[in-house]
Amino acid sequence: MDSHDEESPLVADSSPVQTPKQNHARDVHILSSAFLLIFLAYGAAQNLESTLNTEEDLGTTSLGILYLSFTFFSLVASVVVRRLGTKNALVLGTTGYWLFIAANLKPTWYTMVPASVYLGFSASIIWVGQGTYLTSTARSHAKDCNLHEGTVIGNFNGEFWGMFASNQFVGNLISLAMLSDGTEGSTSGTTLLFVVFLCSMTLGTILMCFLTKRNHNAEDGTQDSSVGVYSTVVSLSKSLVTLLFDARMLLTIPLIAYSGLQQAFVWAEFTKDIVTPALGVSGVGGAMAVYGAFDAICSLAAGRLTSGLTSITLIVSGGALIQAVVFLWLLLIYRLTSGVLGIMYPLLMAAMLGIGDGVFNTQLNALLGILFKHDTEGAFAQLKVWQSGSIAVVFFVSPYISLKAMLVVMLAALCLSYAGFLLLTLKKKNYKHKCLVPFCSITEVVHRLVEVEVINNTLLL
C-alpha cells in the first residue's frame, strides 16, 4: 500500500506538466520594430545612392552588385538559416546593413563593392530568417490559442509589413529634415546623416537579440556531425530543386518576380522620370514618404483581412488592378503639367503604387506560409531569389531603356503573373495534395533518391 501511495503523486504530477505558453505577439512586436530601425536607415540610404555617389555611377553600380549578390546567396540561404537557427541568422544578417551604411561614410570602389557583396549575403539570410521566424511564430500562436492558422499568419504579416513599410516614411523624413538646407552635397551633412543611420541600425540589432529562440526543423542544431555534409546537401536539393518541381511554386514565381519588378520600378524609374521632373530632387523624399505611408497603411489593412486563399485572391486582385491603372495612366494619359495638379499627380501615383506594394508584400508572404508548411525556409529562399533577381535586372537595364518601354514590360509582367496566380488558386481548389499529381510523383522520387543516397554514403563511413 505504501508503494501504491508513493506512485499516486507521480501519476498526478505527470499530466499537469505542460509547456507554458509563450507570448508570441511579443516576438512579432520586437521583430517588426527591429526591422523598422534597420530599414529606415537602409531604405533612405538606398534612395540617395544615385544622387550622392554619382562619380562613375558608383551608387547605381553598387546597388546592382548588391542585388546580384543577394540573388546568388539566396540560393543557399535556406541551408544557412537551418544550420544557424532563425534568431542567429536574423542577428547576423543585420551586420551587412551596418557595414553598408558605414561604407557610405567613405564611398569608394574599395569600400562600396565589398560592402555590397557582403550585404547580398546578409540580406539573403535575414529575409529567409524573417519569413521562417514570422510564419513559425504565427503557427505557434494559432496552436496555443486555438485560432485559425491562415488568419493568424495574415495578421502577423500585416503587422510586420505595416511596420516595415513605414521605414520609407520615417527614413525619408529624416533625410529630408537633415538635407533640406541644401547640404546633400556637403561632406558634413551626409556624414551626420549616415552616423544617425548607424545609430538606428545598432538599436535594431540590439533589439533583435531579445527575440525568443524557436525550434523549427533543424533549429535546435541536433544533427549528427558524421552526416552533416550530406544533410546539408539534402536540404539544399530540397530547397532549390524539389520546389521547382512543385506546380504551386512554378505558378507563384511570376508573381514573386513581378513584386520585385514593381519595387525596382519605383526606386529606379518612377523617382527619376516622374517625381524629379515634377517636384525636383528635393521632392523625391516627400513622394517616397507618401509611398511608404500608404504602403504601411495598406499592409496593416491587408494583413487584417487575410484569412485564407480566397481572401488572398481578392486582395491581390485589388492590388494588381490599382497598379495596372497607374501604368496605363503613365503610358497613355499622363503629361507633365504645372500648378497644383502637377504636384498632386505624382503624389497620387506614389500612394497607389504604395498600396500595391503593401498588397504584394503581405499576401505573398502569407501565401507561401500557408502553401509550404513543411519547407518554409526553402519557400522564402525562392521568394528572395526571384525577387532580388528581378530588382537587379531593372537596376542594370534602367539606363538603357525608355520609360514607355519599361511601362510596357511592367504591364506584360503584371498580366502574366496575375494569370499564373489565378491558375494557382483554381488548381488549389481542385487538388488537396501538396502538389499537382504529375509534379507530386516527380517530387517524391527526388526525395527518395536523395534519402537513399545519403543512407548509402553514411553506411560506407
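None of the values given here were measured: they were computed from a predicted structure. (Residues numbered from 1 in each chain as written. Predicted model: local features only at pLDDT ≥ 70, side-chain atom pairs only at ≥ 80, totals over all residues. Heavy atoms only, no water.)

## Brief notes about the overall build of the protein chain
Keep this limit in mind: Under the DSSP-based scheme used, a helix requires at least four consecutive residues in state H or I and a strand at least two consecutive residues in state E, with every element numbered from the N terminus. Type-normalised accessible area, obtained with a 1.4 Å probe on protein chains alone, sets the label of each residue: buried when under 20%, exposed when over 50%, and partly exposed for intermediate values. Any two residues having at least one pair of non-hydrogen atoms within 4.5 Å are treated as being in contact. For every accessible area listed, the method is Shrake-Rupley and the probe measures 1.4 Å; residues are considered covered only by the protein chains on display.
Secondary structure assignment for the protein chain yields 15 helices and 0 strands. Classification of the 461 residues of the protein chain by burial places 52% in the buried group. Contacts spanning at least 24 positions in sequence make up 85% of the contacts within the protein chain whose residues lie at least 6 apart. Carbon and sulfur atoms form 68% of the exposed surface of the protein chain, whose accessible area is close to 20300 Å².

## Side note on the confidence of the model for the protein chain
The line we're drawing: Along the chain, pLDDT gives the predictor's confidence residue by residue, from 0 to 100.
When pLDDT is averaged along the protein chain, the result is 80; 80% of the residues meet or exceed 70. At the level of individual helices and strands, the protein chain shows its lowest average pLDDT in helix H15 (residues 437–460), which scores 42, and its highest in helix H4 (residues 86–103), which scores 94. Confidence drops under a pLDDT of 50 for residues 432–461, and excluding neighbours within four residues, the segment shows 28 contacts in the predicted structure.

## So, a nonpolar patch on the surface
Quick reminder of the rule: Distance thresholds for patches are 9 Å for like charges and 5 Å for nonpolar side chains (Val, Leu, Ile, Met, Phe, Trp, Tyr), applied to residues having over 30% relative accessible area and no salt bridge. The term salt bridge refers to a pairing of a side-chain nitrogen on Lys or Arg with a carboxyl oxygen on Asp or Glu at a separation within 4 Å.
The grouping of Leu68, Val393, Phe396 and Val397 at the surface amounts to a nonpolar patch, some 320 Å² of accessible area in total. Top contributing element to the nonpolar patch by residue count: helix H13 (residues 376–397), with 3 residues. Positionally, Val397 belongs in helix H13. We classify Val397 as partly exposed; its relative accessible area is 34%.

## Section: the packing of helix H6 (residues 149–179) against helix H10 (residues 283–305)
Inclusion rule: Between the N-to-C directions of two axes lies an angle of 0 to 180 degrees, each axis being a line fitted to C-alpha atoms and, for a helix, fitted only over the stretch in contact. Working definition: roughly parallel below 35 degrees, roughly antiparallel above 145 degrees, roughly perpendicular at 65 to 115 degrees, and oblique for all remaining angles. Amino acids are sorted into nonpolar (Ala, Val, Leu, Ile, Met, Phe, Trp, Tyr, Cys and Pro), charged (Asp, Glu, Lys and Arg) and polar (every other residue, Gly among them).
Across the interface, H6 lies against H10 with an axial gap of 7 Å and an inter-helix angle of 170 degrees. Viewed along their axes, H6 and H10 adopt a mutual orientation that is roughly antiparallel. Packed against H6, whose contacting residues are Gly154, Asn155, Gly158, Glu159, Trp161, Gly162, Ala165, Ser166, Gln168, Phe169, Asn172 and Leu173, the element H10 presents Gly285, Met288, Ala289, Tyr291, Gly292, Ala293, Asp295, Ala296, Ser299, Leu300, Gly303 and Arg304 at the interface. Of the residues assigned to the contact of H6 with H10, the class counts are 10 nonpolar, 11 polar and 3 charged.

## Observations concerning H4
Here is the rule: What a helix is expected to span follows from its residue count: subtract one and scale by 1.5 Å.
With 18 residues, H4 extends 27 Å between its outermost C-alpha atoms, agreeing within 8% with the 26 Å of an ideal straight helix rising 1.5 Å per residue. Restricting attention to buried positions, one finds in H4 the residues Thr86, Lys87, Ala89, Leu90, Gly93, Thr94, Gly96, Tyr97, Phe100, Ile101 and Ala103.

## Remarks on the packing of aromatic side chains
In plain terms, the rule: Each Phe, Tyr or Trp ring, with Trp reduced to its six-membered ring, pairs with another whose centre is within 6.5 Å; inter-plane angles below 30 degrees give stacked pairs, above 60 give edge-to-face pairs, and intermediate values give tilted ones.
Scanning all chains against the criterion turns up 25 aromatic pairs. Centroid distance Phe39 to Phe164: 5.0 Å. Interplanar angle 65 degrees. Geometry classified as edge-to-face. With Phe39 in helix H2 (residues 24–52) and Phe164 in helix H6, this residue pair connects regions lying 125 residues apart in the sequence. There is no split in this pair, since Phe39 and Phe164 are both buried. Ring-pair connections join several aromatic residues into one group, and the members of that group are Phe35, Phe39, Tyr42, Tyr97, Phe100, Trp127, Phe160, Trp161 and Phe164.

## Overview of the side chain of Ser299
As a reminder of what qualifies: We define a polar contact as two N or O atoms separated by no more than 3.5 Å, with the added condition that, inside protein, one atom must be a possible hydrogen donor and the other a possible acceptor, whereas residues neighbouring each other in sequence contribute only through side-chain atom pairs.
As for its placement among the helices and strands, Ser299 is situated in helix H10. There is a polar contact of 3.5 Å between the side chain of Ser299 and the backbone oxygen of Trp161. Discounting residues that sit within four places of it in the chain, Ser299 has contacts with Gly158, Trp161, Gly162, Ala165, Gly358 and Thr362.

## Notes on the pattern of salt bridges
According to the stated counting rule, one finds 3 salt bridges in the structure shown. Here Arg26 makes a salt bridge to Asp27, at a shortest N to O gap of 2.9 Å. For Arg26, a relative accessible area of 31% gives the class partly exposed. A salt bridge links Asp246 to Arg248; the nearest nitrogen and oxygen atoms lie 2.7 Å apart. With respect to burial, Asp246 and Arg248 carry one shared label: buried.

## Comments concerning the environment of Arg335
Here Arg335 is to be found in the loop between helix H11 (309–333) and helix H12 (339–371). We classify Arg335 as exposed; its relative accessible area is 52%. Put simply, Arg335 and Tyr345 are 10 residues apart on the chain and 9.8 Å apart in space, counted from C-alpha to C-alpha.

## Digging into unusual backbone geometry
In this structure, Asn146 takes a positive phi of about 55 degrees despite not being glycine. Within the secondary structure, Asn146 is located in the loop between helix H5 (109–145) and H6.

## Considerations on the nonpolar core
As a rule of thumb, nonpolar side chains are buried together in soluble globular proteins. Condition: In these notes, a set of buried Ala, Val, Leu, Ile, Met, Phe, Trp, Tyr and Cys residues joined through side-chain atoms within 4.5 Å is what counts as a nonpolar core.
Counting 103 residues, the largest nonpolar core has Phe35, Tyr42, Tyr97 and Trp127 as its most contacted members. Of all the elements, helix H9 (residues 247–279) adds the most residues to this core, at 15 residues. Excluding its chain neighbours within four sequence positions, the residues that come into contact with Tyr97 are Ile38, Phe39, Tyr42, Leu119, Ala123, Ile126, Trp127 and Met201. Judged by nonpolar contacts, the second largest core, of 6 residues, contains Val81, Ala89, Val128 and Ala381.

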